[in-house]
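A structural walkthrough
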Amino acid sequence: MNKLTRSLSQWGVLSTRVGAKVDHCLRRQLPGRCVFCLGITDRERPWCGDCLAALPWNLPACPRCAEPLPGWPEARPCGHCLRHPPSFERSRVPLRYEKEVAGLVQRFKFEASPRAGTVLLALLEAGLPEMALAWPEALVPVPLHPRRARQRGFDQGEWLARRLARRLELPLVRAQRRRDTPTQRGLDREERRRNLSGAFVIEGALPQRVALVDDVMTTGATLGALALACRVAGAREVEAWAVARTPLQES
């Protein structure tokens, strides 16, 4: 490990500790307050009813890839999924990556904020119907490469999936990332798919129905590559779960 990598790793760990202390102080100082407006919350939820209703819910959206479909009268498969169906049966991504949701994700991913992660996990659970929560037989988080996880201080997909698996009383199966793929930023859908080809492997056998878990879904290329690895490991049906979906920019 070179000096730069060691410094980044130490900074990630320090940021996680500082973020945890700040969030602990906020919870002590602002109990029962909405995370968005600091108003009184509804029951045990970390938000008030008005702020919850105002969030950028991903409706309607393509049921296969969760691409937001503003202006469509109802949710139906988008043109790309009709031409090139993804390797998972359906996506469940309740929110769009916008406004307050984008801010929460950024604090969770880049500042290691456990409070932001807790709110995102609660939003994911609130946005999934009970039938969906009862469907999978195991959860599989999208893994970061170990080097990136060390730099960041934690693996956000595994953080969410581990807590969700505990609440749903489901086994958590960890995939391995075979290689540290180049960044997906700036790549179109096909380039992202090629970039991730063969990136994941799962040791051992999976049950028939599994749900993949991540914080944000962009094109679905990462989740698609992991879904293929799940099928190799024995899964027959795969769903993709994420908190938020970024609208695609290409046609």
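Parameters at a glance
- Residues numbered from 1 in each chain as written.
- Predicted model: local features only at pLDDT ≥ 70, side-chain atom pairs only at ≥ 80, totals over all residues.
- Heavy atoms only, no water.
- Core = buried A, V, L, I, M, F, W, Y, C linked by side-chain atoms within 4.5 Å.
- Buried < 20%, exposed > 50% of the residue type's maximum accessible area, 1.4 Å probe, protein only.
- Helix = DSSP H or I, 4+ residues; strand = E, 2+ residues; numbered from the N terminus.
- Contact = heavy atoms within 4.5 Å.
- Expected span 1.5 Å × (residues − 1).
- Polar contact = N/O pair within 3.5 Å; in protein donor to acceptor, adjacent residues only side chain to side chain.
- pLDDT = per-residue confidence, 0-100.
- Salt bridge = Lys/Arg side-chain N within 4 Å of Asp/Glu carboxyl O.

Points about the nonpolar core
Core analysis: the largest hydrophobic core is formed by 34 residues, its most contacted members being F108, L123, L139, L160 and W241. Those elements that provide at least two residues to this core are α4 (99-111), α5 (114-127), α8 (156-168), β6 (209-217) and β7 (237-245). With 7 residues, α5 is the largest single contributor of residues to this core. The residues contacting L123, other than those within four sequence positions of it, are W47, L52, L55, P94, L95 and L104. In this structure, A66, F88, A175 and A227 belong to the second largest nonpolar core, which totals 26 residues.

What to know about α8
Side chains three or four residues apart in an α-helix point the same way, a direct result of the helix having 3.6 residues per turn. With 13 residues, α8 ought to run about 18 Å at 1.5 Å a step, and its terminal C-alpha atoms sit 18 Å apart, in line with that. Buried residues of α8: Q156, G157, E158, W159, L160, A161, L164 and A165, and no others. Between a side-chain oxygen at the N-terminus of α8 and the backbone nitrogen of G157 the separation is 3.2 Å; the capping residue is D155. Phi for E169, located one or two positions after α8, is positive at around 55°.

Examining the confidence of the model for the protein
Per-residue confidence for the protein gives a mean pLDDT of 82; residues scoring 70 or more make up 76%. Note that residues 7-30 has pLDDT below 50 and, in this model, 18 contacts with residues that lie over four places away or in other chains.

Some remarks on the pattern of salt bridges
Applying the stated rule across the entire model yields 9 salt bridges. A salt bridge links D215 to K109; the shortest N-O distance between them is 3.3 Å. With D215 in strand β6 and K109 in helix α4, this residue pair connects regions lying 106 residues apart in the sequence. When sorted by exposure, D215 lands in the same class as K109, which is buried. Residue E158 pairs with R174 through a salt bridge whose shortest N-O separation is 2.7 Å. One end of the pair, E158, is in helix α8; the other, R174, is in the loop between α8 and β4 (176-177), and 16 residues separate them in sequence. The class for E158 is buried, based on a relative accessible area of 15%.

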